[in-house]
Amino acid sequence: QPAGTRLVLDALDLLRDEDAGELRLKRLEVCFRNAADLEYALGMLRLFCVMLNGPAPDGVQREVLLELSSLDVLTTAVNHPFAIEPPFAQQLRLLRSAIERLPPPPPPRPAP
């Protein structure tokens, strides 16, 4: 299996502020949230979809889903200024579908 998503996550891991508890995808989320160009915002949505849908080693898609959920990317997308643009709305549907396709994480284990 291609390791593309794992390589992206590993690279983002080097850039994040680990001491502040920053998630690897935080900087991508900030770029997406502040996108002032429709094509740039669409590119970010496509990247999120590829990371969720593309071939990846076991567990990588789950990691991406958990981080995107923690960063509330879907809400950011729904409320994005470009959300009324048809290409953005179409890509948003694909992102929502990719998120919903993955099963929810198991509930946390109760403390002993």
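Shown above is the structure to which this text applies.
These numbers were taken from a predicted model, which means no experiment stands behind them.

Rules used throughout
Residues numbered from 1 in each chain as written. Predicted model: local features only at pLDDT ≥ 70, side-chain atom pairs only at ≥ 80, totals over all residues. Heavy atoms only, no water. Helix = DSSP H or I, 4+ residues; strand = E, 2+ residues; numbered from the N terminus. Rg over C-alpha atoms; globule rule 2.2 N^0.38 Å. Buried < 20%, exposed > 50% of the residue type's maximum accessible area, 1.4 Å probe, protein only. Contact = heavy atoms within 4.5 Å. Areas by Shrake-Rupley, 256 points an atom, 1.4 Å probe, with all protein chains shown as cover. Lys, Arg positive; Asp, Glu negative; His and termini not counted. Charge placed at Lys NZ, Arg CZ, Asp CG, Glu CD. Core = buried A, V, L, I, M, F, W, Y, C linked by side-chain atoms within 4.5 Å. Polar contact = N/O pair within 3.5 Å; in protein donor to acceptor, adjacent residues only side chain to side chain. Salt bridge = Lys/Arg side-chain N within 4 Å of Asp/Glu carboxyl O.

(A) The arrangement of the overall build of the protein chain in detail. When its secondary structure is counted, the protein chain shows 6 helices and 0 strands. Secondary structure of the protein chain in N-to-C order comes out as α-α-α-α-α-α. A compact globule built from 112 residues should have a C-alpha radius of gyration of about 13 Å, and the protein chain, at 15 Å, falls within 12% of that. Taking the principal axes of the C-alpha coordinates as reference, the protein chain spans close to 50 × 30 × 30 Å. Burial analysis of the protein chain (112 residues in total) assigns 37% to the buried set. Considering only contacts within the protein chain whose residues lie at least 6 apart along the sequence, 64% involve residues at least 24 apart. With the model as given, the accessible surface of the protein chain reaches about 6,900 Å², and the carbon-plus-sulfur share is 59%. The centroid of the 12 positive side-chain charges in the protein chain is displaced by 5 Å from the centroid of its 15 negative side-chain charges.

(B) Geometry of the nonpolar core. Counting residues in each nonpolar core, the largest one holds 30 residues, and the members touching the most others are L25, F32, F48, L52, F88 and L95. If you list the elements that add at least two residues to this core, you get α1 (4–15), α2 (26–33), α3 (38–53), α4 (60–70), α5 (73–78) and α6 (86–101). Here this core gets 8 residues from one element, more than from any other, and that element is α3. Other than its neighbours up to four places away in sequence, L95 contacts L45, F48, C49, L52, V73 and L74.

(C) Structural detail: the side chain of E22. Here E22 shows up in the loop between α1 and α2. Among the polar contacts made by the side chain of E22, one reaches the side chain of R27 at a distance of 3.1 Å. With residues up to four places along the chain from it excluded, the contact list for E22 reads L15, R16, D17 and R27.

(D) Spotlight on the pattern of salt bridges. Applying the stated criterion to the full structure yields 5 salt bridges. Measuring nitrogen to oxygen at the nearest pair gives 3.1 Å for the salt bridge that ties E22 to R27. Take R27: its relative accessible area is 40%, and that puts it in the partly exposed class. Taking the shortest distance from any N to any O, the salt bridge between E63 and R24 comes out at 3.0 Å. Residue E63 is found in helix α4, and its partner R24 is found in the loop between α1 and α2; the two are separated by 39 residues along the sequence. Among the residues examined, E63 registers a relative accessible area of 27% and is labelled partly exposed.

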